Amino acid sequence: MSLRKPAKEQPEKFEFMADSLATAKEIVSKYPEGKQQSAVMALLYIAQKQNDNWIPLAAMKYIGKFLDMPYIKVYEVATFYTMYNLSPVGKHFIQVCTTTPCMIRGAYKLVEACKEKISENESELSIDKSCSWMEVECLGACVNAPMMQINDDYYEDLDKEKTLKILDEILDGKTPKPGSYRGRVNNEPENNRKTLLDLKNA
(Lines give C-alpha, C1' and ligand atoms only; values in the text may rest on other atoms or scores of the structure.)
Protein backbone atom coordinates (compact mmCIF):
# COMPACT_ATOMS: atom_id res chain seq x y z
CA MET A 1 0.00 0.00 0.00
CA SER A 2 1.05 3.57 -0.59
CA LEU A 3 1.46 5.93 2.34
CA ARG A 4 -2.09 6.84 3.43
CA LYS A 5 -1.35 9.39 6.12
CA PRO A 6 -0.36 12.93 5.14
CA ALA A 7 3.16 13.88 6.12
CA LYS A 8 3.55 15.69 9.42
CA GLU A 9 5.78 18.31 7.83
CA GLN A 10 3.91 20.20 5.13
CA PRO A 11 4.84 23.13 2.88
CA GLU A 12 2.75 26.24 3.47
CA LYS A 13 2.13 26.94 -0.20
CA PHE A 14 1.81 25.14 -3.51
CA GLU A 15 1.00 26.27 -7.01
CA PHE A 16 1.51 24.86 -10.46
CA MET A 17 4.64 25.96 -12.28
CA ALA A 18 4.27 27.21 -15.84
CA ASP A 19 4.50 23.82 -17.55
CA SER A 20 2.20 22.14 -15.05
CA LEU A 21 -0.28 24.99 -15.27
CA ALA A 22 -0.43 24.79 -19.06
CA THR A 23 -0.98 21.03 -18.91
CA ALA A 24 -3.68 21.38 -16.25
CA LYS A 25 -5.55 24.03 -18.24
CA GLU A 26 -5.40 21.86 -21.36
CA ILE A 27 -6.83 18.87 -19.48
CA VAL A 28 -9.62 20.90 -17.86
CA SER A 29 -10.58 22.38 -21.24
CA LYS A 30 -11.51 18.91 -22.49
CA TYR A 31 -14.41 18.64 -20.03
CA PRO A 32 -17.86 20.17 -20.61
CA GLU A 33 -18.76 23.33 -18.76
CA GLY A 34 -19.64 22.50 -15.18
CA LYS A 35 -17.87 19.12 -15.27
CA GLN A 36 -14.32 20.34 -14.61
CA GLN A 37 -14.17 18.52 -11.27
CA SER A 38 -13.79 15.30 -13.26
CA ALA A 39 -10.20 16.39 -13.96
CA VAL A 40 -9.24 16.06 -10.29
CA MET A 41 -7.30 12.80 -10.69
CA ALA A 42 -5.25 14.13 -13.58
CA LEU A 43 -4.43 17.33 -11.70
CA LEU A 44 -3.40 15.41 -8.59
CA TYR A 45 -1.01 13.40 -10.75
CA ILE A 46 0.44 16.60 -12.23
CA ALA A 47 0.95 17.99 -8.73
CA GLN A 48 2.65 14.79 -7.63
CA LYS A 49 5.08 14.81 -10.56
CA GLN A 50 5.94 18.45 -9.97
CA ASN A 51 6.51 17.90 -6.24
CA ASP A 52 9.05 15.03 -6.31
CA ASN A 53 6.46 12.24 -6.29
CA TRP A 54 4.21 13.28 -3.41
CA ILE A 55 1.16 15.49 -2.88
CA PRO A 56 1.14 17.97 0.02
CA LEU A 57 -2.11 19.20 1.56
CA ALA A 58 -1.44 22.64 0.09
CA ALA A 59 -1.59 21.10 -3.39
CA MET A 60 -4.97 19.53 -2.63
CA LYS A 61 -6.32 22.91 -1.49
CA TYR A 62 -4.86 24.57 -4.59
CA ILE A 63 -6.49 21.97 -6.87
CA GLY A 64 -9.80 22.41 -5.04
CA LYS A 65 -9.77 26.13 -5.82
CA PHE A 66 -8.53 25.47 -9.36
CA LEU A 67 -11.51 23.18 -10.05
CA ASP A 68 -14.01 25.05 -7.85
CA MET A 69 -14.63 22.01 -5.68
CA PRO A 70 -14.49 21.48 -1.90
CA TYR A 71 -11.04 20.67 -0.53
CA ILE A 72 -12.41 17.61 1.28
CA LYS A 73 -13.46 16.05 -2.03
CA VAL A 74 -9.94 16.44 -3.41
CA TYR A 75 -8.60 14.96 -0.17
CA GLU A 76 -10.96 11.98 -0.45
CA VAL A 77 -9.67 11.17 -3.94
CA ALA A 78 -6.03 11.59 -2.98
CA THR A 79 -6.33 9.37 0.07
CA PHE A 80 -8.39 6.67 -1.68
CA TYR A 81 -6.12 5.86 -4.64
CA THR A 82 -2.75 4.28 -3.88
CA MET A 83 -1.18 5.89 -6.96
CA TYR A 84 -0.96 9.10 -4.94
CA ASN A 85 1.75 9.47 -2.31
CA LEU A 86 0.86 11.61 0.68
CA SER A 87 4.34 11.73 2.18
CA PRO A 88 7.76 12.26 0.59
CA VAL A 89 9.09 9.22 -1.27
CA GLY A 90 12.07 10.88 -2.91
CA LYS A 91 12.82 11.92 -6.45
CA HIS A 92 13.14 8.24 -7.39
CA PHE A 93 10.27 6.09 -6.13
CA ILE A 94 11.00 2.36 -6.44
CA GLN A 95 8.09 -0.07 -6.40
CA VAL A 96 9.04 -3.76 -6.30
CA CYS A 97 6.38 -6.21 -7.43
CA THR A 98 6.23 -9.21 -5.08
CA THR A 99 3.03 -10.82 -6.37
CA THR A 100 3.26 -14.56 -7.12
CA PRO A 101 4.81 -14.55 -10.66
CA CYS A 102 7.54 -12.12 -9.59
CA MET A 103 7.93 -13.78 -6.20
CA ILE A 104 8.65 -17.23 -7.65
CA ARG A 105 11.14 -15.66 -10.08
CA GLY A 106 13.15 -14.01 -7.31
CA ALA A 107 11.43 -10.74 -6.39
CA TYR A 108 12.66 -10.90 -2.81
CA LYS A 109 16.23 -10.70 -4.09
CA LEU A 110 15.22 -7.30 -5.47
CA VAL A 111 13.83 -6.41 -2.05
CA GLU A 112 17.17 -7.41 -0.51
CA ALA A 113 18.93 -5.06 -2.94
CA CYS A 114 16.64 -2.19 -1.95
CA LYS A 115 17.27 -2.85 1.73
CA GLU A 116 21.02 -2.83 1.16
CA LYS A 117 21.18 0.27 -1.04
CA ILE A 118 18.27 2.47 0.03
CA SER A 119 16.83 1.68 3.43
CA GLU A 120 16.21 -1.31 5.65
CA ASN A 121 12.54 -0.35 5.87
CA GLU A 122 9.83 0.21 3.28
CA SER A 123 8.64 3.77 2.68
CA GLU A 124 11.71 5.18 4.43
CA LEU A 125 13.81 7.74 2.61
CA SER A 126 17.43 6.99 1.81
CA ILE A 127 20.11 8.85 3.75
CA ASP A 128 20.37 11.49 1.04
CA LYS A 129 16.54 11.75 0.84
CA SER A 130 16.66 11.00 -2.90
CA CYS A 131 14.66 7.78 -3.02
CA SER A 132 12.61 5.17 -1.19
CA TRP A 133 11.17 1.76 -1.98
CA MET A 134 8.13 -0.35 -1.24
CA GLU A 135 6.58 -3.69 -2.12
CA VAL A 136 3.49 -3.51 -4.34
CA GLU A 137 0.97 -5.85 -5.88
CA CYS A 138 0.96 -6.84 -9.56
CA LEU A 139 2.33 -4.21 -11.95
CA GLY A 140 1.15 -6.18 -14.99
CA ALA A 141 4.51 -7.28 -16.36
CA CYS A 142 4.38 -10.89 -15.13
CA VAL A 143 5.99 -12.35 -18.26
CA ASN A 144 9.10 -10.25 -17.58
CA ALA A 145 9.32 -11.12 -13.89
CA PRO A 146 10.90 -10.19 -11.60
CA MET A 147 10.55 -6.48 -12.17
CA MET A 148 10.23 -3.11 -10.49
CA GLN A 149 8.87 0.29 -11.38
CA ILE A 150 10.92 3.44 -10.84
CA ASN A 151 8.71 6.52 -11.22
CA ASP A 152 7.03 5.93 -14.61
CA ASP A 153 9.50 3.37 -16.00
CA TYR A 154 9.57 -0.43 -15.83
CA TYR A 155 12.79 -2.40 -15.21
CA GLU A 156 12.28 -6.05 -16.09
CA ASP A 157 13.98 -9.45 -16.14
CA LEU A 158 16.03 -8.52 -13.10
CA ASP A 159 18.14 -10.31 -10.52
CA LYS A 160 19.84 -8.96 -7.42
CA GLU A 161 23.09 -8.01 -9.17
CA LYS A 162 21.31 -6.06 -11.91
CA THR A 163 19.07 -4.37 -9.37
CA LEU A 164 22.07 -3.26 -7.31
CA LYS A 165 23.62 -1.69 -10.42
CA ILE A 166 20.38 0.13 -11.24
CA LEU A 167 20.13 1.47 -7.69
CA ASP A 168 23.78 2.55 -7.76
CA GLU A 169 23.07 4.60 -10.89
CA ILE A 170 20.08 6.25 -9.23
CA LEU A 171 22.08 7.08 -6.12
CA ASP A 172 24.76 8.59 -8.39
CA GLY A 173 22.14 10.89 -9.91
CA LYS A 174 21.90 8.99 -13.19
CA THR A 175 18.83 7.62 -14.98
CA PRO A 176 19.14 3.90 -15.75
CA LYS A 177 17.81 2.63 -19.05
CA PRO A 178 14.35 1.06 -18.58
CA GLY A 179 13.17 -2.20 -20.14
CA SER A 180 14.42 -5.78 -20.11
CA TYR A 181 17.77 -6.53 -18.49
CA ARG A 182 18.14 -9.80 -20.37
CA GLY A 183 18.13 -8.17 -23.78
CA ARG A 184 14.59 -9.08 -24.71
CA VAL A 185 12.48 -6.84 -26.92
CA ASN A 186 9.21 -6.21 -25.07
CA ASN A 187 8.18 -9.70 -23.91
CA GLU A 188 9.40 -11.85 -26.76
CA PRO A 189 10.78 -15.35 -25.96
CA GLU A 190 14.29 -15.66 -24.54
CA ASN A 191 15.76 -16.93 -27.81
CA ASN A 192 13.96 -14.53 -30.13
CA ARG A 193 10.59 -14.91 -31.81
CA LYS A 194 9.35 -18.27 -33.00
CA THR A 195 6.00 -17.24 -34.52
CA LEU A 196 4.60 -14.57 -36.86
CA LEU A 197 8.05 -14.19 -38.40
CA ASP A 198 6.52 -12.82 -41.61
CA LEU A 199 5.06 -9.87 -39.70
CA LYS A 200 7.77 -7.28 -39.14
CA ASN A 201 6.12 -5.44 -36.26
CA ALA A 202 4.44 -8.37 -34.53
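Residues numbered from 1 in each chain as written. Predicted model: local features only at pLDDT ≥ 70, side-chain atom pairs only at ≥ 80, totals over all residues. Heavy atoms only, no water.

### Side note on helix α2 (residues 40-50)
Alright, step 1. Buried within α2 we find Val40, Leu43, Leu44, Ile46, Ala47, Gln48 and Gln50.
Alright, step 2. Next to the buried residues of α2 lie α1 (18-28), α3 (57-67) and α4 (71-80).
Alright, step 3. Just downstream of α2 lies Asp52, where phi reads positive at about 55°. (Buried < 20%, exposed > 50% of the residue type's maximum accessible area, 1.4 Å probe, protein only. Helix = DSSP H or I, 4+ residues; strand = E, 2+ residues; numbered from the N terminus. Contact = heavy atoms within 4.5 Å.)

### What about the sheet that holds strand β4 (residues 153-156)?
Alright, step 1. The mixed open sheet is built from 5 strands, whose spatial order is β2-β1-β3-β4-β5. The open sheet has two free edges, formed respectively by β2 (131-136) and β5 (179-180), since each of these has just one partner strand.
Alright, step 2. Against the sheet, helix α6 (residues 107-117) engages β1 (92-97) and β2, with an angle of about 150° to β1.
Alright, step 3. Against the sheet, helix α7 (residues 160-171) engages β1, β2, β3 (148-150) and β4, with an angle of about 10° to β3. (Pairing = 2+ DSSP bridges. Axes fitted to C-alpha atoms, helices over the stretch in contact; angles between N-to-C directions.)

### Observations concerning the nonpolar core
One recurring pattern in soluble globular proteins: nonpolar side chains tend to sit buried together.
Alright, step 1. Ranked by size, the top nonpolar core spans 22 residues in total, and within it Phe16, Val40, Leu43, Leu44, Ile63 and Leu67 carry the most contacts.
Alright, step 2. If you list the elements that add at least two residues to this core, you get α1, α2, α3 and α4.
Alright, step 3. Residues in contact with Ile63, not counting those within four places in the same chain, are Phe16, Val40, Leu43, Leu44, Ala47 and Val74.
Alright, step 4. In this structure, Cys114, Met148, Ile150 and Tyr155 belong to the second largest nonpolar core, which totals 17 residues. (Core = buried A, V, L, I, M, F, W, Y, C linked by side-chain atoms within 4.5 Å.)

### What about the pattern of salt bridges?
Alright, step 1. Counting across every chain of the model gives 8 salt bridges.
Alright, step 2. With a shortest N-O distance of 3.9 Å, Glu112 and Lys109 are connected by a salt bridge. Placement of both Glu112 and Lys109 in helix α6 is noted, with a separation of 3 residues, approximately one turn of the helix.
Alright, step 3. Look at Lys109 and you get partly exposed, because its relative accessible area is 44%.
Alright, step 4. A cluster of three or more residues bridged by salt bridges with shared partners is formed by Lys109, Glu112, Glu116 and Lys160. (Salt bridge = Lys/Arg side-chain N within 4 Å of Asp/Glu carboxyl O.)

### Remarks on the packing of aromatic side chains
Alright, step 1. Inspection of the entire model under this criterion finds 8 aromatic pairs.
Alright, step 2. Put simply, the rings of Phe14, Phe16, Tyr62 and Phe66 touch in pairs and so form one group of aromatic residues.
Alright, step 3. In this arrangement the basic side chain of Lys61 is found over the ring face of Tyr71, its NZ or CZ atom lying 5.5 Å from the centre. (Phe/Tyr/Trp six-rings, centres within 6.5 Å; stacked < 30°, edge-to-face > 60°. Lys NZ or Arg CZ within 6 Å of the ring centre and 35° of its normal.)

### A few points about the layout of surface pockets
Alright, step 1. Put simply, the largest pocket is a space of about 610 Å³.
Alright, step 2. As for the largest pocket, its lining consists of 23 residues, of which Gln48, Met83, Phe93, Gln95 and Asn151 are closest to the centre.
Alright, step 3. The element that contributes the greatest number of residues to the lining of the largest pocket is α2, accounting for 4 residues.
Alright, step 4. Considered class by class, the residues forming the lining of the largest pocket number 8 nonpolar, 9 polar and 6 charged. (1 Å grid on protein atoms, 1.4 Å probe; cavity = no way out; pocket = protein on both sides within 12 Å on 5 of 7 lines; lining within 4 Å. Points joined across faces, edges and corners; volume = space filled by probe spheres on them. Nonpolar A, V, L, I, M, F, W, Y, C, P; charged D, E, K, R; others polar.)

### Some words on the pairing of β4
Alright, step 1. The pairing of β3 with β4 spans 3 bridges and is classified as antiparallel. What sits directly across from Ile150, in β4, is Asp153.
Alright, step 2. Two successive antiparallel strands, β3 and β4, enclose a turn made up of 2 residues, where Asn151 displays a positive phi of approximately 55°.
Alright, step 3. Relative to β5, β4 runs parallel, the two sharing 2 bridges. Along β5, the bridge assignment pairs Glu156 with Ser180.
Alright, step 4. Crossover connection from β4 via α7 to parallel β5: handedness left-handed. (Right-handed = clockwise from strand over helix to strand, strands pointing away.)

### Some thoughts on α1
Note that an α-helix has 3.6 residues per turn; residues three or four places apart therefore point the same way.
Alright, step 1. Along α1, the positions that sit buried rather than exposed are Ser20, Ala24 and Val28. Projected onto a plane normal to the axis of α1, the buried residues spread over an arc of 65° and lie on a single side. Exposed residues lying more than 90 degrees from the buried face of α1 are Ala18, Asp19 and Lys25.
Alright, step 2. Where α1 is buried, its residues touch α2 and α3. (Arc of directions from axis to C-beta.)

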